[in-house]
Structures are given as structure tokens and as C-alpha cells.
Amino acid sequence: MTIDRRALLGGMTGAALLAPYLALEKAMAQTAGSHAGHTPAAGSPSLEEQQAMAAHQQSMQELFGENLFRNEHIAMLLYPGFTALDLVGPHYFFACLFGAKVHLVTTGADLAPVASDLGLAIAPTVTLEDTPADLDVLFFPGGTQGTMEVMRSERTMAWVKDCASRAKHITSVCTGSMILGKAGLLKGKRATSHWATFSVLEDFGAIPTNERVVKDGNILTGAGVSAGLDFAIALTEQLRGRDYAEALVLQAEYAPEPPIVAGSMTTASAPVSNMMSQMFAPVAEQFRALAKS
């Protein structure tokens, strides 16, 4: 019996319940021996644990059906200066898809950790050149100067265009949509971005749409930073259905009640929104210049 340990540990039932699975292959081989009078090895799941696991797997199978296990290939781009929450939120949901393979793709020459814009480093799993050719999901997090460097890189943009030509879902969060725009993937498409670059979408030929998550054909874009969670839920539903997405929302206990409601220009106070608009205006102009280059 073969068990996908990464998928199980990242799955919906929690590490405590799933821990016995780590020894399940050995235990299955030992079960016959125990019936013949041999003592099972220490740490193996008991018969009761095996029965509980089997019952739980059956309940999941009944609820999720063919969506329980699939084999999606998901590529998430890592580049110096990316915004960590843009990537980490969606990664949580993607890594909890039983059977899916998440590829953390570095723009670097090797698999050295890639630092975010605030210094949080993530270990990649594959280089651009070694990324699987056919992807179910192609994902881009945002950033500022780091994102612009991606847009200026002929090597990286060639990879973006090549992967996008075959990917089933082309996606982004925050200013990651600027990468899609630079690749020519948003022309005539409804899309969203961080509020600071929302108006820049027009410069790439997109139709700016002021929604948290925007779907147009096989392109799915999320608004700024924290919208990555909403984006991931929407994409999980597309990939695995409503029940699976709902289960992961519950597992994540995603029920936001922010103590300060100021996550958009319409809810933030005028002094704060004016100050932030002035601060990000030069960033928007730099992205706009890249749309023309």
C-alpha cells in the first residue's frame, strides 16, 4: 500500500489523527504476522486505529467523491522581494489538496532560499528550467521592486509565457497581476490587483474590476495581499468542488473579524488613505512605465 505522506500530513484531518498513517505501510505487512502469533512492532497503529482511519477515509470518500485525490501540478513563482503573505496563504490551501504537487519555482540558478521583501526566506523546490512542462495552476505573488525585476527579466518572462501557453489556470495575487500584464495575458481580460496598482491594469490592456477575486476564462486574479486567502478558496472550489473548499476554510478557521476595518480605500479614514496613496504613487508609476517598455 502506498501512502502520500506529504498530502496526508498536509490534509484536512490534522496531524494527531493522521500520525498513525506514517507507519501504516509497515503495519499492514505486520497485521498478518500478528494474527499468526507475532507481536506487532512498537509504534504501529493498533487494529482500532486502523479501523478508525478506514472509517474516516470512507467518510471523506463519500463527501468528496472523485475530488478527494487528484494529481494537479501547481507552480508558485519565488523571486527575491516577493511579498510572503501573497504566497503563503494560497500555499496553505494548495498543499492541502490530496495528491497535488506544489512546485516552489525559483528564479535563481540553484535551490538557495529566496528572501521576501521583508526578509522571510522560503526554500524553493525547483528551478525555472526544471519546472514540469504542463501545469494545472501557474501562480504569481506580488511585491514591488522585486516584481519589477521579474518583469524586466527576459529569461523569467520567457518562462512565464511558455508555461502560461499550456497552464489550465493562470493566477496571481496582489501586484502579481503586473507580471501577467507584462506577459500580455490580460489583454481584454477582467482582472484585479492591489489598490496601489489597480489603475495600472488598464495600461496592460486589462479591464480593472474592483472585486476581491476576479475570474475571466482561465485567468484568476486576487486583490492585495490578504485577498490571497479568498483567491485560494475560490481556486480550491474550482479544482476540487464546494465541499472540499468548505472543509479547508473550516480547517483554517477562516472567519475574519478585523479589529480595525480599513482594508480598502472606502473603509480607511481620509488621513490614512491620503497618506498611503501618496506613498504608493511612485510605485504605481514605475509599474506603468514597465507597461510601456
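The following paragraphs examine the structure supplied in this document.

What counts and how
Residues numbered from 1 in each chain as written. Predicted model: local features only at pLDDT ≥ 70, side-chain atom pairs only at ≥ 80, totals over all residues. Heavy atoms only, no water. Buried < 20%, exposed > 50% of the residue type's maximum accessible area, 1.4 Å probe, protein only. Pairing = 2+ DSSP bridges. Helix = DSSP H or I, 4+ residues; strand = E, 2+ residues; numbered from the N terminus. Core = buried A, V, L, I, M, F, W, Y, C linked by side-chain atoms within 4.5 Å. Contact = heavy atoms within 4.5 Å. Phe/Tyr/Trp six-rings, centres within 6.5 Å; stacked < 30°, edge-to-face > 60°. Lys NZ or Arg CZ within 6 Å of the ring centre and 35° of its normal. Salt bridge = Lys/Arg side-chain N within 4 Å of Asp/Glu carboxyl O. Axes fitted to C-alpha atoms, helices over the stretch in contact; angles between N-to-C directions. Left-handed = near helix turned anticlockwise from the far one by under 90°. Nonpolar A, V, L, I, M, F, W, Y, C, P; charged D, E, K, R; others polar. Polar contact = N/O pair within 3.5 Å; in protein donor to acceptor, adjacent residues only side chain to side chain.

1. Brief notes about unusual backbone geometry
Even without a glycine there, the phi angle at Cys174 is positive, about 60°. Although it is not a glycine, Glu253 adopts a positive phi angle of roughly 50°. On the basis of relative accessibility, which here comes to 69%, the residue Glu253 falls in the exposed class.

2. Focus: the sheet that holds strand S11 (residues 219-222)
Spatially, the seven strands line up as an open sheet ordered S5-S2-S1-S6-S7-S11-S10, and their pairing is mixed. Each having just a single partner strand, strand S5 (126-127) and strand S10 (213-216) make up the two edges of the open sheet. As defined by bridge partners, strand S2 (residues 101-106) adjoins S5 across two bridges and the pair is classed as parallel. Following the sheet pairing, Thr106 is matched in S5 by Thr127.

3. A look at the pairing of S2
The buried count for S2 comes to five of six residues, which makes it a mostly enclosed element. Pairing of strand S1 (residues 73-78) with S2, which is carried by six bridges, proceeds in the parallel orientation. Its bridge partner being in S2, Ala75 is matched across the sheet by His103.

4. Re the nonpolar core
Most often, soluble globular proteins have nonpolar side chains that are buried together. Counting residues in hydrophobic clusters, the biggest one holds 66 residues, and the most contacted among them are Leu138 and Trp159. Not counting residues within four places of it along the chain, the set of residues in contact with Trp159 comprises Leu77, Val105, Leu128, Thr131, Leu138 and Phe140.

5. Let's talk about the packing of aromatic side chains
Counting across every chain of the model gives 10 aromatic pairs. Grouped by ring-pair contacts, the aromatic residues Phe64, Phe69, Phe98 and Tyr244 constitute a single cluster. Directly above the aromatic system of Tyr244 lies the positively charged group of Arg240, at a separation of 5.2 Å from the ring centroid.

6. Concerning the pairing of S10
Residue alternation in S10 divides its side chains into a buried set, Val214 and Asp216, and an unburied set, Val213 and Lys215. As paired strands, S10 and S11 are joined by four bridges and run antiparallel to one another. The residue bridging Val213 from the neighbouring strand is Gly222, located in S11. Where S10 folds back on S11, the antiparallel hairpin that results is connected by two residues, among which Gly217 adopts a positive phi of roughly 65°.

7. So, the pattern of salt bridges
Here the idea is simple: oppositely charged side chains can pair when their charged atoms come close. Under the defined criterion, the tally for this structure stands at 13 salt bridges. Across the pair Asp203 and Arg288 runs a salt bridge whose closest N-O atoms are separated by 3.0 Å. Separated by 85 residues along the polypeptide, Asp203 in the loop between strand S8 (190-191) and strand S9 (207-208) and Arg288 in helix H11 (residues 270-292) bring together distant segments of the chain. Here Asp203 falls in the partly exposed class, since its relative accessible area comes to 31%. Here Arg288 falls in the buried class, since its relative accessible area comes to 15%. The salt bridge involving Arg212 is made with Asp230; its shortest N-O contact spans 3.2 Å. Residue Arg212 is located in the loop between S9 and S10, and its partner Asp230 is located in helix H9 (residues 227-240); the two are separated by 18 residues in the primary sequence.

8. Brief notes about the packing of H9 against helix H10 (residues 242-251)
At a minimum axis separation of 7 Å, H9 and H10 run at an interaxial angle of 145°. Two packed elements cross with a definite hand, and for H9 against H10 that hand is right-handed. Only Arg242, Tyr244, Ala245, Leu248 and Val249 of H10 make contact with H9, whose side of the interface consists of Ile233, Thr236, Glu237 and Arg240. For the contact of H9 with H10, a count of residues per class yields five nonpolar, one polar and three charged.

9. Quick notes on the environment of Asp203
Linking Asp203 and Ala291, residues 88 residues apart in sequence, is a C-alpha distance of 6.0 Å. In contact with Asp203, other than residues within four places in its own chain, are Arg288, Ala291 and Lys292. At a separation of 3.0 Å, a polar atom in the side chain of Asp203 contacts the side chain of Arg288.

Interpretation in functional terms is not warranted from these geometric data alone.
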